[in-house]
Each structure stands twice: as structure tokens, then as C-alpha cells.
Amino acid sequence: MSLAELAQTVLDYSRERLELDPVPLDRTLTPAQLQEQAGQTITRDGLGGQQAMDLFAEVLAPACLSVDHPRYLSFIPCAPTEAAAMFDLVVGASSIYAGSWLEGSGAVYAENQALRWIADLVGLPESAGGVFVPGGTIGNLSALVAARTEARRTAAPGQRPFRVATTHGAHSSIQSACDVMDAELTTVEPDERGRLTGERLREVLLANGPETYFAVVATAGTTNFGIVDDLESVAQVCRELGIWFHVDGAYGGAGLAAPSVRHLYAGIEQCDSFIVDPHKWLFAPFDCCALIYRNPAAARNAHTQHAGYLDVLTEATDWNPTDYSVGLTRRARGLPFWFSLATHGTQAYSDSVEQTLRVAACAEAEVARRDDLELVGERFLSVLVFRRKGWAAADYQAWSDRILDEEFAFVVPTNHDGETLARFAIVNPQTTTEDIVAILDSMG
């Protein structure tokens with residue numbers, strides 16, 4: 001099979017997948033089923049491009065759930081624009097190394113413009129900057145590494161700040177980052193709305209000694225409920241006590257693009273670092289997290305790797321993305337997001353986020369009007385949690401399994417305070433109120 005024929009095969013599949021309407025949900029297969037249907041795919045002489053492509057298209061791809069399906073409402077879905085998905089092909093084919101300005105100046109320039117749009121939404125100064133990393137876990141870890149380095153640099157003699165403060169609602173990656181860093185995570189009791197507040201934060205910090213903390217992590221859209229912390233009051237306490245203020249907006253940060261909920265983020269402009277995953281609610285493909293610092297020099301001080309062969313990079317004044325996060329080698333993962341922004345314009349992004357918020361509001365109203373359903377907690381953004389009256393954990397799981405087996409929808413249950421509940425995460429502009437009604441009807 002020639003290169004031209006292989007290229008045509010790959011491009012034909014990609015185009016057909018992007019043109020599918022509706023997109024199939026597909027289903028999960030067991031290892032035994034995949035072994036039976038796919039068999040041994042790595043052989044001494046190879047299968048050849050056409051057979052390998054056929055195997056992927058007919059067996060492997062249908063065994064992967066389509067996260068861009070409009071009734072995929074579990075976890076936090078991914079619904080990339082066609083432009084972003086197509087440009088991912090270009091990035092892969094272009095052999096771009098985007099870790100340094102020297103090797104990837106064009107890519108870095110474009111990525112930085114996409115980062116600037118996000119920084120403007122946050123309200124950060126022109127001097128702010130950062131990098132696209134694989135996901136929120138690496139974004140949060142990188143920000144906390146920078147925070148600790150800065151705190152130790154400025155600490156009084158003999159002090160080594162070792163604590164991070166947040167709430168139980170914070171993403172699991174905060175605990176993971178603390179484990180990796182051998183730091184201590186202390187939790188603050190949230191208010192009656194589930195938010196981290198400055199008043200309660202101050203009590204914890206003063207009780208333990210503010211000098212022992214190197215960061216406070218607030219969340220702009222928790223994963224389980226979509227809660228936005230009281231960022232204004234948290235920022236005030238961090239500023240008062242001189243502690244790095246990090247905002248995890250991996251999911252909910254995209255709401256900054258929506259005027260209807262922008263007020264929820266008051267105070268975010270005071271953060272020292274911020275993350276948002278465009279592969280969640282900003283319509284980019286996996287994997288893409290935007291990490292932005294108020295003072296990039298602090299991040300560069302923490303993350304720049306030094307070696308003789310790197311002197312040509314580290315001794316230059318160029319903007320090298322690898323200076324701002326954990327990791328050295330990096331692909332230009334921000335380019336598909338940039339291409340989609342450049343293609344559609346930022347207004348289309350605001351409109352699309354607003355559309356998902358409207359559907360979420362309709363879902364909230366639909367749940368409220370049904371006698372057999374009950375809302376749980378306040379809806380801040382596009383995540384909705386509710387209970388089916390009379391159901392136990394096994395009922396939720398059986399329902400979830402059934403509608404996935406039927407390739408109708410993917411809605412896994414969640415858990416809160418020991419209770420199993422239903423949860424919708426609506427980030428796909430193609431999800432309609434009709435989809436929501438149909439899923440609720442399936443609960444019987």
C-alpha cells in the first residue's frame with residue numbers, strides 16, 4: 001500500500017467520522033470479546049495499512065464510547081469542534097516539537113494567542129502567560145510546584161512551607177499532587193452552598209499557622225456538582241496572608257466565556273495561577289489543559305530544566321513552554337484549540353457555552369417538575385445532580401447499564417455523602433432538551 005493510498009484511507013475515515021450525524025454512542029467490550037473479534041494485531045510481517053485500518057474501523061473504534069455523543073453526560077465529556085478535530089491531524093502530521101521557541105516558534109506564537117484569550121477572560125495582566133499541558137492533573141501539579149518554590153524562596157529563615165488548603169469538593173488531582181510533592185493537604189469545611197469561603201479559610205490557616213502553607217486551591221466548577229467557590233473572599237485572605245492563590249477551573253473555567261454566569265467568578269482576576277481544560281467545555285480534542293500564571297517568572301524558576309545540551313535554550317530570553325510546567329518533551333497540543341478559535345471566532349465560543357447552560361437550566365426545570373425526581377444541591381453551571389425517589393444504588397447502576405447496552409445514552413451514577421445519585425454533565429452544544437427528556441423518561 002503506497003503512502004498516497006494509506007493517506008487517502010486515513011483521511012476518508014476521518015472525514016466520514018466527522019460527518020456522522022448522529023454520532024454512534026458505541027459500547028464497551030470485554031477483553032475476551034476483543035480477543036475474539038480483533039485477535040493478534042501485532043505480527044512479524046505486519047497486517048498492512050488497509051487491514052489495520054479496517055480492523056480499527058470495524059472492531060476497535062466501535063468498542064470505544066463516543067465522548068462527543070450528545071447523550072454522553074458522564075464524567076466531563078469532550079465535544080471538539082470539527083475544525084479542532086481536523087487540525088489535530090495536521091499537528092500529528094507536521095512533526096512539530098513545541099517545547100521551545102527555537103524549534104517551534106510558529107506553534108508557540110499561536111498557542112500563546114489562545115492562552116491570551118483565556119487570560120483576558122480571567123482578567124489577568126498582559127504580563128501573564130503559561131503553557132498547554134496534557135490535563136488538569138499536570139496543570140494543578142505544575143502550578144503547585146511553582147507555588148511551593150516561590151513560597152520557599154521568600155520564606156523566613158528556617159521555614160519550609162509544606163501545606164495546601166482546599167475543600168473536599170476539590171478535584172482528586174489536588175490530593176494526588178500533594179502526594180507526589182510529599183505535601184500535606186488540609187481541608188476547609190465549605191459553606192451551606194458547598195463553597196470554599198474566605199471566612200472559613202482564614203480560621204484554618206490561622207489555626208495551623210499561615211507560614212506553613214504555600215498554596216490555597218479554590219475551584220471554579222467542581223467536577224461532581226459544578227460549584228464555584230467564593231473566589232473574592234478567598235482571594236482577599238490569600239492576599240492578606242501572602243499565600244499563593246490557585247484556581248482550578250479545569251471544567252468550570254469555560255463559563256468565564258458566558259456573560260450570564262460571569263458574576264460567579266468575581267475575584268478570579270486576583271489568582272496567581274489558573275487552569276482550564278479546553279478538552280472539556282471549550283470544544284477542543286484530548287488532551288489540552290491551559291495553565292496560566294500571573295507571574296510566569298516564578299513558574300520558570302521552578303520548572304526550567306538545566307543541562308549542557310539545553311544551554312542554548314535556557315540561556316536565551318525566548319518563551320520556551322517547557323519552562324512553565326512539569327515535563328520537557330511536548331507536542332503542540334494547544335494548536336487544535338487555536339485553530340478552532342481562529343476559524344470560528346470567540347463569539348461562537350461564548351454562544352456555545354451559553355447554549356449548554358440553557359439546556360442545563362431546562363434539565364433542572366424538567367427534574368423539578370417530575371414527582372419521582374428530586375434535585376440535590378444547587379446548580380451553578382452545567383452539572384446537575386438529582387435522585388430518583390425510591391431507588392437504591394443497584395437501581396441506578398442497572399438503569400445506567402441498560403441505557404448504555406442499548407447504545408442510547410451514557411449516564412453513570414455518582415456518590416455524595418454515601419448516597420448514590422444521578423448526574424448530568426452537559427458540555428456538548430448538540431445536547432438538546434429533547435435528549436434530556438428522553439433520558440429522564442428512561443428512568444421509568
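Residues numbered from 1 in each chain as written. Predicted model: local features only at pLDDT ≥ 70, side-chain atom pairs only at ≥ 80, totals over all residues. Heavy atoms only, no water.

Identification of the protein as Glutamate decarboxylase from Janibacter indicus is taken from an unreviewed UniProt entry. UniProt, in its Cofactor (unreviewed entry) section for the protein, records the words "pyridoxal 5'-phosphate". (UniProt positions renumbered as here; feature names shortened; annotations may be inferred.)

Caption draft 1: Region of the structure containing the pairing of strand β2 (residues 163-166). Burial along β2 is two-sided: R163 and A165 facing one way and V164 and T166 facing the other are all buried. Pairing of β2 with strand β3 (residues 184-187) involves four bridges; the strand directions are parallel. When the bridges of β3 are listed, R163 appears paired with E184. Each parallel crossover has a hand, and for β2 linked through helix α7 (residues 172-181) to β3 it is right-handed. (Buried < 20%, exposed > 50% of the residue type's maximum accessible area, 1.4 Å probe, protein only. Helix = DSSP H or I, 4+ residues; strand = E, 2+ residues; numbered from the N terminus. Pairing = 2+ DSSP bridges. Right-handed = clockwise from strand over helix to strand, strands pointing away.)

Caption draft 2: The arrangement of the sheet that holds strand β1 (residues 129-133) in detail. Strand order in the open sheet formed by seven strands is β1-β7-β6-β5-β4-β2-β3, with mixed pairing between adjacent strands. This sheet does not close on itself; its edge strands, each paired only once, are β1 and β3. Looking at each pair of strands side by side, their axes are set apart by 20° on average, direction ignored. One ladder, built from three bridges, connects strand β5 (residues 244-248) with strand β6 (residues 273-276); its direction is parallel. Of the residues in β6, the one forming a bridge with H246 is S273. Docked against the sheet, helix α6 (residues 136-154) engages β1, β2, β4 (213-219), β5, β6 and β7 (289-293), running at close to 15° with respect to β7. (Axes fitted to C-alpha atoms, helices over the stretch in contact; angles between N-to-C directions. Contact = heavy atoms within 4.5 Å.)

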